[in-house]
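# Chain and residue survey
The residues making up each chain are set out below.
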Amino acid sequence: MQEIEEFRKPLIEDVELIRNCFMAQRHMACDYSSGNIILWSKIYNTEIAYIKDMLIVKFNRGKDTFFTYPAGTGSHMEAIQWLEKYCHTKSIDLKFGIMEPEMYAELNEMYPGRFSIEYSRDNADYIYPVEKLAALSGKAYHGKKNHVNKFMKTHEDWFYEKMSHENTEECIRMVQQWCIENGCCDDKDKAAEICVCIEGIRRREELGLTGGLIRTGDGIVALTLGEPLNQDTFVIHFEKAFSGIQGAYPMINQQFILHELMDYKYVNREEDMGLDGLRKAKESYKPVMMAEKGFAVSG
C-alpha cells in the first residue's frame, strides 16, 4: 500500500486499508471500524494518513483538532514522530482522542509523564456477552424476555430477514418513516445520523456491513446494521424500531444476534452520549464491560 503522506478524506476504496490497520490491534471502541470512519467522515470532518504501515485518523471539529493513536503493523514510535513533525509544521497541538487505556499505557511508556489523559463516561461503549443477549435467560433479563414473548404472541406472522439487495430500498423507506415519526427533520444531529444510516444501508456491501430486519404483515418494523470490530467483537452502528410496536427493539436485538453473531464473543452497542433515556436502556442489558475512551494531551 502506497503511503498517504498528507491527510485527506477517507474514500470508499480505503475500507480494506482502514479495516486491516484496525484489525492489527484488538480495539474495543466502536470508533475503530472502517464503516464508522468512512460513513461519519463528512459529519466529523475526518481525514486519514497512512505512514510507515500505520493509519492515523484526524478529526477536525471547529478549532479543535485531534488524532487517533496510530494503528497498523508498523512502529507506534515512528508514526508518532512523523505526527509530531506534522503538527509542528501545521502549528497545531498534538492531541490524541478515542484513547483506550492500553493505548495510553503504551504512549506513557514511550513518553513518560508527557501526556495526561481524561476519560468521559458519556463516551464509553457498552460491551455485552453475545450468549447472554441471545438467550435472555435469568432474572436479569426477565423483562426483556417478556417483551420478546409479547411481540411473538401479538405478531404471529413475524420473521427475521437478512438485509439484502432485494430489501435495501424498503429498509431505507422504513428508516425515513422512523425519522418522520421521531421528529428528526427538525433536529440537525438526528437528521445527520439518519443520512449516515441510510448511506450505510445503501453502501452496505462495499463497507462490509451486515444488517438484519424484523418483518410482520405490516412490513419492516425494526432493523439493525453493524460490522466486525475485531476477531471476537461485533459493533452495532444503527438500530431502529417503531416505538408504537411493543417489543420491536428487544426483538431485533435478540434475533440479529441469533442469526448473525453467534460466532462472536461480544457485541459493542456503542455509547449513550450522556442521554439519560439511552443510558437507562443500555444499562438494562447488563454490560459485562465498558470500552473507555479518553483524550490525551501533551503537558
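Scroll up for the structure.
Residues numbered from 1 in each chain as written. Predicted model: local features only at pLDDT ≥ 70, side-chain atom pairs only at ≥ 80, totals over all residues. Heavy atoms only, no water.

## Structural notes on unusual backbone geometry
Residues other than glycine seldom take positive phi values, yet D53 does so here, at roughly 65°. Topologically, D53 is positioned in the loop between β2 (46-51) and β3 (54-61). Classification of D53 as partly exposed rests on a relative accessible area of 41%. (Helix = DSSP H or I, 4+ residues; strand = E, 2+ residues; numbered from the N terminus. Buried < 20%, exposed > 50% of the residue type's maximum accessible area, 1.4 Å probe, protein only.)

## Comments concerning the packing of helix α7 (residues 142-154) against helix α11 (residues 248-260)
Running from N to C, α7 and α11 cross one another at 100°; their axes reach a closest spacing of 8 Å. By the angle between their axes, α7 is roughly perpendicular relative to α11. Counted together, K144, K145, H147, V148, F151 and M152 of α7 and A248, P250, M251, Q254 and Q255 of α11 form the full contact between these two elements. Looking at the contact of α7 with α11, its residues break down into six nonpolar, three polar and two charged. (Axes fitted to C-alpha atoms, helices over the stretch in contact; angles between N-to-C directions. Parallel < 35°, antiparallel > 145°, perpendicular 65-115°, else oblique. Contact = heavy atoms within 4.5 Å. Nonpolar A, V, L, I, M, F, W, Y, C, P; charged D, E, K, R; others polar.)

## Observations concerning the layout of surface pockets
Of the voids in this model, the largest pocket is the one considered here, and its volume is about 1,800 Å³. What lines the largest pocket is a set of 50 residues, and nearest its centre among them are E193, E270, E271, M273 and L278. Its residues assigned to classes, the lining of the largest pocket comprises 24 nonpolar, 12 polar and 14 charged. (1 Å grid on protein atoms, 1.4 Å probe; cavity = no way out; pocket = protein on both sides within 12 Å on 5 of 7 lines; lining within 4 Å. Points joined across faces, edges and corners; volume = space filled by probe spheres on them.)

## Quick look at the nonpolar core
Counting residues in hydrophobic clusters, the biggest one holds 89 residues, and the most contacted among them are F67, L83, F96 and L107. Not counting chain neighbours up to four residues away, the residues in contact with F96 comprise F67, T68, Y69, P70, I80, L83, L107, F115, G294, F295 and A296. (Core = buried A, V, L, I, M, F, W, Y, C linked by side-chain atoms within 4.5 Å.)

## Observations concerning the environment of W82
By secondary structure assignment, the location of W82 is in helix α4 (residues 76-90). Here the alpha-carbon distance between W82 and K190, two residues 108 residues apart in the chain, equals 37 Å. The residues touching W82, leaving out its near neighbours within four places in the chain, are E5, F7, A49, I51 and I56.

## Considering the side chain of H76
Inspection of the secondary structure assignment puts H76 in helix α4. Apart from residues lying up to four places away in sequence, H76 is in contact with Q25, M54, Y69, P70, E106 and M110.

## Remarks on helix α9 (residues 188-202)
Given 3.6 residues per turn, any residue in an α-helix points the same way as the ones three and four places further on. An ideal rise of 1.5 Å per residue puts 21 Å on 15 residues; α9 measures up with 21 Å between its terminal C-alpha atoms. Where α9 is concerned, the buried positions are A192, I194, V196, C197, I198, G200 and I201. Where the residues of α9 are buried, they touch α2 (34-39), α3 (41-44), α8 (168-181), α10 (204-207), β11 (219-228) and β12 (233-241). The opening residue of α9, the one whose side-chain oxygen lies 3.0 Å from the backbone nitrogen of D189, is D187. (Expected span 1.5 Å × (residues − 1). Polar contact = N/O pair within 3.5 Å; in protein donor to acceptor, adjacent residues only side chain to side chain.)

## Quick notes on the state of the cysteines
In the structure shown here, the tally under the stated rule is zero disulfides. The closest cysteine sulfur to the non-disulfide-bonded C184 is located on C179, 3.9 Å from its own sulfur. For C195, which is in no disulfide, the shortest distance to another cysteine sulfur is to C179 and amounts to 7.8 Å. Under the relative-accessibility criterion, C195 is labelled exposed at 54%. (Disulfide = S-S within 2.5 Å.)

## Re α8
Between the first and last C-alpha of α8 there are 20 Å, a value that for 14 residues agrees with the 20 Å anticipated at 1.5 Å per step. Along α8, the positions that sit buried rather than exposed are T168, C171, I172, M174, V175, W178 and C179. The buried residues of α8 occupy one face: seen down the axis, they fall within an arc of 160°. The outward face of α8, more than 90 degrees from its buried face, is lined by the exposed residues R173 and I180. Note on α8: the residue one or two positions beyond its end, G183, has a positive phi of about 65°. (Arc of directions from axis to C-beta.)

## A few points about the environment of N167
As for its placement among the helices and strands, N167 is situated in the loop between β9 (159-162) and α8. For N167, a relative accessible area of 2% corresponds to the buried category. Spatially, the C-alpha atom of N167 lies 9.6 Å from that of L213, the residues being 46 residues apart in sequence. Leaving out residues up to four positions away in the same chain, N167 has contacts with E161, K162, L213 and R215.

## Thoughts on the side chain of E227
Tracing the backbone through its elements, the reader meets E227 in strand β11. Here E227 sits buried without a salt bridge, and the closest side chain of opposite charge, R19, lies 4.9 Å off (N-O distance). A distance of 3.0 Å separates the side chain of E227 from the backbone nitrogen of G35, its partner in a polar contact. For E227, the side chain forms a polar contact with the side chain of H237, separated by 2.7 Å. Residues within four places of E227 in sequence aside, it is in contact with S33, S34, G35, N36, L207, G208, L209, F234, V235 and H237. (Lys, Arg positive; Asp, Glu negative; His and termini not counted. Salt bridge = Lys/Arg side-chain N within 4 Å of Asp/Glu carboxyl O.)

## What about the packing of aromatic side chains?
The relation between two aromatic rings is expressed through the spacing of the ring centres and the mutual angle of the planes. Applying the stated criterion to the full structure yields 16 aromatic pairs. Here W40 and Y44 contribute two aromatic rings whose centre-to-centre distance is 5.3 Å and whose plane-to-plane angle is 15°, an arrangement assigned as stacked. Given the relative accessible area of 16%, W40 is considered buried. Look at Y44 and you get partly exposed, because its relative accessible area is 32%. Taking 5.0 Å as the distance between ring centres and 20° as the angle between the ring planes, the aromatic pair formed by F59 and F66 counts as stacked. (Phe/Tyr/Trp six-rings, centres within 6.5 Å; stacked < 30°, edge-to-face > 60°.)

Such coordinate-based values are descriptive only and should not be taken to indicate function.
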